[in-house]
Structure formats: structure tokens, C-alpha cells
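Fold and contact review
Next come the chains, spelled out residue by residue.
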Amino acid sequence: MAIYQGFAEAYDSLMDNVPYDEWVAYICELFKRYGNITPEERPLILDMACGTGNITERMSSLGFDMIGIDNSEDMLDIANMKKLDNNSSALYLLQDMTEFELYGTVRAAISICDSVNYLLQPSDVIKTMKLVNNYLDPKGLFIFDFNTEHYFRDIVGENSISEARDDMAFIWDNYYDEEKHMNSLSLTLFTGEENGLYRRFDELHLQRGYTLHEMKQFINESGLRFEKAFDAFTFNEPDENSERICIIAREQGKMV
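Now for a quick tour of the structure. (Residues numbered from 1 in each chain as written. Predicted model: local features only at pLDDT ≥ 70, side-chain atom pairs only at ≥ 80, totals over all residues. Heavy atoms only, no water.)

1. A short note on the overall build of the chain
Counting secondary structure elements, the chain contains 7 helices and 11 strands. On C-alpha atoms alone, the chain measures out to a radius of gyration of 18 Å, which is about the 18 Å that the 2.2 N^0.38 rule sets for 256 residues. In terms of overall dimensions, the chain has C-alpha extents of about 55 × 45 × 30 Å along its principal axes. Taking all contacts inside the chain whose residues are at least 6 apart in sequence as the whole, residues at least 24 apart take part in 67%. Accessible area for the chain stands at about 12600 Å²; split by element, carbon and sulfur atoms hold 47% of it. Counting 22 positive and 46 negative side-chain charges, the chain places the averaged centre of each group 8 Å from the other. (Helix = DSSP H or I, 4+ residues; strand = E, 2+ residues; numbered from the N terminus. Rg over C-alpha atoms; globule rule 2.2 N^0.38 Å. Contact = heavy atoms within 4.5 Å. Areas by Shrake-Rupley, 256 points an atom, 1.4 Å probe, with all protein chains shown as cover. Lys, Arg positive; Asp, Glu negative; His and termini not counted. Charge placed at Lys NZ, Arg CZ, Asp CG, Glu CD.)

If you want it as C-alpha cells, here you go:
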């Protein structure tokens, strides 16, 4: 079952609790601290699994020269509408993060909102990181976050969440297979139509739980260099209670 295809138009409504402005400010601070990267230089930045462009458009408005890639055409259609509304210069490409191609290198790459967890095999994570390393400028940065096993196992676990709003309703059933490190999220969404009826969408989202130790191994195997990890969107050290971890990695030469 394809994800983010049937209800891309409702995605932003479902994510209306996400503090995108704060996330962008955090990314900018990491850019400054670890790469001396500022929007005044108009550096070229890659946003991987950019979705509807919520991060991409905000960074473009600050002055970054943005490329967004995603494997959902429906999500990119919405991102391009935002581009027109904002009169931004962002470039959106329909590409999978495990096999993307660019015309040249970028100063930094980002992947925010646990997109890496959708890579279900360690080999896919390593393959993606190798591509990132290949397309980064010398000493360029790769900043990404991921949900931890603690989050999948202890926070969402086998929970069900439902909510009804004026124009939509959803049911979210979650299950984490600790042996396989696999999280299954079954989402049923009802969106209101002009005729007063509701349209139903069903999607199954699979994500894999990874540990910080594993991520460090993947980074090393890909040719990148691990720089720092934080409890996501803070500058605190991650620990066993971290639900999301942000990692900064750096290009250190191309692998032959």
C-alpha cells in the first residue's frame, strides 16, 4: 500500500501541532555551530523526504537555496502550490531518498520528522547515507532525526488514538514488534466533502526502530563522520528516555 498518496491534502491538518518554525530555527543554529552555514550566503541545501514542503519553504524564505525530494507525487503537488503562493525558489524533485540523483553537490542535507525510520533495512539506511556523502560539499553537513526504540516500544506501543474534528476524523492504531524492531501504524482517515459526505482513506505506515549505536555504525560504514547527537530539538545529550534523536554527521571524503 502506497503511503502519503490518498490523503496528502489532509497531511498538514494532521500535523498542525508540529512546531515547524522552532524546528527550522534549531536547524539554522546547528548549521551555524557545526558548519558556519548562514542563509546570507544562499547555500544550496537538500531537504530529503520533504513532504508538503513545510520545512523547505520556511528555509527558502530565510534565504537558503532549497532542493526538496520526496517519493510522493501528491505531497509534492502541495509543496509546489506552496512554492507558488510564497513565490519561493525551491526546487522539488520526485525521487526516493535511497536512490536520489542531483546535478551537483550541496552544502548540507537535512531529513527531519523521522523519515529515516521509514528505511526498513539497515542496508537502505547505509545506501542513503552513502548517497548523501557523495552529494555533499567537502566537510558538508548531514542533519537528520529518528524515533528511538523507546518511543515505539514505550510511548506509542500498542496504543490507539482517535479524534474527530469539524472537517475530518481519524483512527490511529499502533503496534510495535520488539523482536523485529518494526512499528506498524494503521491509519484510517475520514475527510469531509462538499456534499456533506465523508471520504475514507486507509494507509499502513511501517517504520523501524533504530538505536543511536546503530546509527553511528551506519554513518561510519557510509563514509560520513559522526559529529554529535542531541535529544532532538534541544542541546541536551540523548539518553534512554529520548524519544527522538537528532544527529549531525559530516562529509569526510568520497568513497571509491
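2. Topic: the nonpolar core
In terms of nonpolar packing, the biggest core is built from 33 residues, with Phe-31, Ile-55, Met-59, Phe-64, Ile-110 and Ile-143 touching the most fellow members. Of all the secondary-structure elements, those providing two or more residues to this core are α2 (20-35), α3 (54-62), α4 (73-86), β4 (106-111), β5 (136-147) and β11 (244-250). No other element matches α2, which puts 8 residues into this core. Setting aside chain neighbours within four positions, we find Ile-110 in contact with Ile-27, Phe-31, Leu-46, Asp-47, Met-48, Ile-55, Met-59, Phe-142 and Ile-143. Of all hydrophobic cores here, the second largest spans 30 residues; its members include Ile-69, Phe-146, Leu-224 and Ile-247. (Core = buried A, V, L, I, M, F, W, Y, C linked by side-chain atoms within 4.5 Å. Buried < 20%, exposed > 50% of the residue type's maximum accessible area, 1.4 Å probe, protein only.)

3. Things to note about the sheet that holds strand β6 (residues 160-164)
Spatially, β6-β7-β8-β9 is the arrangement adopted by the 4 strands of the open sheet, whose pairing is antiparallel. Each having just a single partner strand, β6 and β9 (198-208) make up the two edges of the open sheet. Within this sheet the neighbouring strands show an average axis-to-axis angle of 10°, counted without direction. With 5 bridges connecting them, β6 and strand β7 (residues 168-177) associate as antiparallel partners. (Pairing = 2+ DSSP bridges. Axes fitted to C-alpha atoms, helices over the stretch in contact; angles between N-to-C directions.)

4. A look at the sheet that holds β5
A sheet is described by the order of its strands in space; here 7 strands give the open sequence β3-β2-β1-β4-β5-β11-β10, paired in mixed fashion. Both edges of this open sheet fall to β3 (91-94) and β10 (225-231), since each of them pairs with a single strand only. Put simply, the sheet's adjacent strands are angled 15° from each other on average, direction ignored. When β4 meets β5, the two strands line up parallel, connected through 5 bridges. If you follow Ser-111 over to β5, its bridge partner there is Phe-144. With respect to the sheet, α3 is in contact with β1 (44-48), β2 (65-70), β3 and β4, its orientation differing from that of β2 by roughly 170°.

5. Topic: unusual backbone geometry
Unusually for a residue other than glycine, Ala-49 sits at a positive phi of about 60°. Along the chain, Ala-49 falls in the loop between β1 and α3. Residue classification places Ala-49 among the partly exposed positions, given a relative accessible area of 25%. Of note in this structure, His-181 is not a glycine but carries a positive phi near 60°. Along the chain, His-181 turns up in the loop between β7 and β8 (182-192).

6. Focus on α2
For α2, with 16 residues, the first-to-last C-alpha span of 21 Å sits near the 22 Å given by 1.5 Å per residue. For α2, the full list of buried residues reads Tyr-20, Trp-23, Val-24, Tyr-26, Ile-27, Cys-28, Leu-30, Phe-31 and Gly-35. In the segment just after α2, Asn-36 is the residue with positive phi, at about 50°. (Expected span 1.5 Å × (residues − 1).)

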